[in-house]
Amino acid sequence: MTSSREQQTSLFYFVLSTQTLINAATFISIPLLALYLTKDLGYTPYTMGAILTTLLVSTRVAPVFTGALADRYGHKKFVISGLFVRFLGFILIGYNSEALIFTGVFLIGIGGSQYESGTYGYLAKVNKVRSDAFYLNNQALNLGVIIGPLIAFFIPHQGYGSFFLSSALAFLTLAIINSFAFPADDKHSHIQTKLSLGSLLTDFYTDKKFLIFNIACIPWWFLFSQLYVLLPLAFSKKTSSEGDELIIYLVNGLVRISLTLLLLRRIKGFSPLALIIVGHCVLTASYLIPLTNSSTAFFLIMVAVFSIAETLIMPAIDTYISKIAPPGREANYFGIANIPWIIGATIGNMVGAHLLESSNPTTPWILMSVLAISGALALSLFSRLNNNLKT
């Protein structure tokens, strides 16, 4: 019994290590995609925007389907196939052909959705026996965000294409390793009645808890998207050197890792809904900071407080979804949870840049604070109704 438990623990940490390496392989090149398309290949902003949108849509829409398929046909198959598909996608980006690059980013998105569906299906099962699964997963992902750019610094290159080739080789290596080492599917824990694919894609509408929770999370995904829209655009007005915006992500990554290390043992025992609500309150406070002082230092303090909120909210959302997902439907539920992400982030991407054009410089931060506290109130109401709702 002890030996089996030790083996399961070892496999769990192998998956976390793979999560770190996956994020590292991704962040070697993906943050440079816009620069590669415009500076190396000379693409127009319109073409660049279309390519980036293809990547976003394929990454966030596909899990709605791949989650259901992973639950039906096996998580390990989707992990391995997803890594191979991502390898092909990164290879295609290296060619100066619009058609191949569009295909490449589409494959990167599809491969990522396959891999995530399989991985999160596995992690959701682990979370039923250890409550810190998604907090450790969050830590692993944060490490990858920092390690990837550090690796990129040492890659010999002439142009940005070399970084994408490096990512491709990393994904191929990880695909081969995971073919042998990723935990095998537990046949007894998979969908017992072999529900139809149509049922997997539509039955969640009858789960009132899950449906209302997803709706209540839309404000968060709007606010989260500003980490890549409003925050860097606003910070760029405070700096004179290109690339200084990366300081935001350095602060974000370091705060998230430090906070998880300091508080992991304490926060993992709290209710996920309580942590999400507290996170929204912290988020509200973060957006009030620029109203008190508009200096660069206070802006970075806002980013740090935002990062604290993100650390509380993100793994708590994953933990709650894994708790309410029916046995054998874990990846399915995580896939469906991308719908509010798509809605919130799409609106956020369109609105974020326009907020800076307001004649009143306080408008963006007041609006963000109001939206954050609205999200906290909505989730508080959901928490009160939670026990009365049937899954």
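Residues numbered from 1 in each chain as written. Predicted model: local features only at pLDDT ≥ 70, side-chain atom pairs only at ≥ 80, totals over all residues. Heavy atoms only, no water.

Engineer: I'm lost on the side chain of Glu 310 in this one. Help?
Structural biologist: Mapped onto the fold, Glu 310 is located in helix H15 (residues 296–324). Excluding residues that lie within four positions of it along the chain, Glu 310 makes contacts with Trp 220, Phe 224, Leu 227, Asn 252, Arg 256 and Pro 315. (Helix = DSSP H or I, 4+ residues; strand = E, 2+ residues; numbered from the N terminus. Contact = heavy atoms within 4.5 Å.)

Engineer: Where do I start with the nonpolar core in this structure?
Structural biologist: One recurring pattern in soluble globular proteins: nonpolar side chains tend to sit buried together. Residues Leu 37, Phe 213, Phe 299 and Ile 317 are the most contacted members of the largest nonpolar core, which totals 97 residues. It is H15 that provides the largest number of residues to this core, a total of 14 residues. In contact with Leu 37, not counting residues within four places along its chain, are Gly 42, Tyr 43, Met 48, Ile 51 and Ile 101. (Core = buried A, V, L, I, M, F, W, Y, C linked by side-chain atoms within 4.5 Å. Buried < 20%, exposed > 50% of the residue type's maximum accessible area, 1.4 Å probe, protein only.)

Engineer: Looking at this structure, I do not really get the environment of Ile 101. What am I missing?
Structural biologist: Its location among the elements puts Ile 101 in helix H6 (residues 98–127). The buried category is assigned to Ile 101, whose relative accessible area is 0%. When the C-alpha atoms of Ile 101 and Phe 78 are compared, they prove to be 23 Å apart, with 23 residues separating the residues in sequence. In contact with Ile 101, other than residues within four places in its own chain, are Leu 37, Leu 41, Tyr 43, Ile 51, Leu 92, Ile 93 and Tyr 95.

Engineer: What should I look at first to understand a nonpolar patch on the surface in this one?
Structural biologist: A cluster of nonpolar side chains, contributed by Leu 56, Val 57, Val 61 and Phe 65, occupies part of the molecular surface with about 310 Å² of accessible area. At three residues, helix H3 (residues 45–61) tops the list of elements feeding residues into the nonpolar patch. Within the secondary structure, Phe 65 is located in helix H4 (residues 63–73). Look at Phe 65 and you get partly exposed, because its relative accessible area is 46%. (Patch = residues over 30% accessible without salt bridge, like charges linked within 9 Å, V, L, I, M, F, W, Y side chains within 5 Å. Areas by Shrake-Rupley, 256 points an atom, 1.4 Å probe, with all protein chains shown as cover. Salt bridge = Lys/Arg side-chain N within 4 Å of Asp/Glu carboxyl O.)

By themselves, these are just geometric observations and shouldn't be taken as functional.
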